[in-house]
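Now for the letters of each chain:
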Amino acid sequence: MDLKIVDQLLTTTRSVRKRLDFQQPVDLATLQRCLEIAMQAPTGSNSQGWHFLVISDAAKRKGLADLYRRAFDGYRQLSANSPQLQENDPRRAQTLRIVDSASYLAEHLHEAPVMVVPCIEGRVENAGVLAQASVYGSILPAVWSLMLALRARGLGSAWTTLHLMFEQDAAALLNLPATITQTALLPVAHFTGTDFRPAKRLPASNHIHWDGWGQRRGI
């Protein structure tokens, strides 16, 4: 296994927004292969309760995009009123770019040739932490695997969740049973350019704890 290729894939797979090519169609056979790969991800107790809704119908894509835009308007107002990061915080400039690209996605989401809505069997909003962790831990690794498989084949995606503010409306649009939980909404399209780079992150040492919270170790 070529670790350089693996590391590059893992460190440069981004949520793509402005660089999604909404004009080029997505080969559904390729998307299906990526979904098959995604379902090799870990799943709690081997439950395999995942479901992926592939939305190519224009009316349903528009319906989901309208829900996303409604939620984004509220998100944008909250972001405008939230405390600002310090000037020397590397996340400050990134946050401004993310808000700008998110605004672009909100305006153009309906143009994505395909959307994928990952779902999981069961409802845990009123359950304890263990049940929630088990359910979401059985679908989110598969979604990340899907994003990696797409990227390896020249397809971009963006992990979004804002439409879940109107989850019931989306469920009605997609004819989802009441026992199914939606976990994300991914627009899928070819991307432009190939110059994806690792993102600027806070130092990893700030977030690694050895044998207990706050225990640091130099290696």
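Refer to the preceding data block for the structure.
Residues numbered from 1 in each chain as written. Predicted model: local features only at pLDDT ≥ 70, side-chain atom pairs only at ≥ 80, totals over all residues. Heavy atoms only, no water.

Caption draft 1: Spatial organisation of the overall build of the protein chain. Broken down by element type, the protein chain carries seven helices and six strands. Residue burial in the protein chain is summarised as follows: out of 219 residues, 37% are buried. Contacts in the protein chain between residues far apart in sequence, at least 24 positions, make up 82% of those at least 6 positions apart. Summing over all exposed atoms, the protein chain offers an accessible surface of approximately 13,000 Å²; the carbon and sulfur share of this is 54%. (Helix = DSSP H or I, 4+ residues; strand = E, 2+ residues; numbered from the N terminus. Buried < 20%, exposed > 50% of the residue type's maximum accessible area, 1.4 Å probe, protein only. Contact = heavy atoms within 4.5 Å. Areas by Shrake-Rupley, 256 points an atom, 1.4 Å probe, with all protein chains shown as cover.)

Caption draft 2: Just the side chain of Gln182, in detail. One can find Gln182 in strand 5 (residues 180–182). By relative accessible area, Gln182 is classed as buried at 3%. Here the side chain of Gln182 touches His163 through a polar contact of 2.9 Å, side chain to side chain. A distance of 3.1 Å separates a polar atom in the side chain of Gln182 from the backbone oxygen of Glu167. Not counting chain neighbours up to four residues away, the residues in contact with Gln182 comprise Val117, Pro118, Cys119, His163, Leu164, Glu167, Ala170, Ala171 and Leu176. (Polar contact = N/O pair within 3.5 Å; in protein donor to acceptor, adjacent residues only side chain to side chain.)

Caption draft 3: Focus on the nonpolar core. Formed by 31 residues in total, the largest nonpolar core has its most connected members in Leu64 and Val117. Of all elements in the fold, only strand 2 (50–55), helix 3 (58–81), helix 4 (91–108), strand 3 (114–121), helix 7 (167–174) and strand 6 (186–191) reach the threshold of two or more residues within this core. The leading source of residues in this core is helix 3, at six residues. Residues within four places of Val117 in sequence aside, it is in contact with His51, Phe52, Leu53, Ile55, Leu64, Leu174, Gln182, Ala184 and Leu185. (Core = buried A, V, L, I, M, F, W, Y, C linked by side-chain atoms within 4.5 Å.)

Caption draft 4: Expanded view of the pattern of salt bridges. Counted under the stated rule, the structure contains eight salt bridges. The partner of Glu167 in a salt bridge is Arg123, and the shortest N-O contact between them spans 2.7 Å. Placement of Glu167 in helix 7 and of Arg123 in the loop between strand 3 and helix 5 (129–136) is noted, with a sequence separation of 44 residues between them. Residue classification places Glu167 among the buried positions, given a relative accessible area of 15%. Judged by relative accessible area, which is 30%, Arg123 ranks as partly exposed. Linked by salt bridges that have partners in common, Arg19, Asp195 and Arg197 make up one network. (Salt bridge = Lys/Arg side-chain N within 4 Å of Asp/Glu carboxyl O.)

Caption draft 5: Focus on the environment of Gln132. Note that Gln132 resides in helix 5. Along the backbone, Gln132 and Gly122 are ten residues apart, and their C-alpha atoms lie at a distance of 9.9 Å. Beyond its immediate stretch of four places on either side in the chain, Gln132 contacts Val124, Glu125, Ala127 and Gly137.

Caption draft 6: Representation of unusual backbone geometry. For Ser45, which is not a glycine, the phi torsion comes out positive at approximately 55°. Looking at the secondary structure, you find Ser45 in the loop between helix 2 (28–38) and strand 2. Judged by relative accessible area, which is 79%, Ser45 ranks as exposed. Positive phi is not limited to glycine here, since Asn175 has a value of about 60°. Here Asn175 is to be found in the loop between helix 7 and strand 5.

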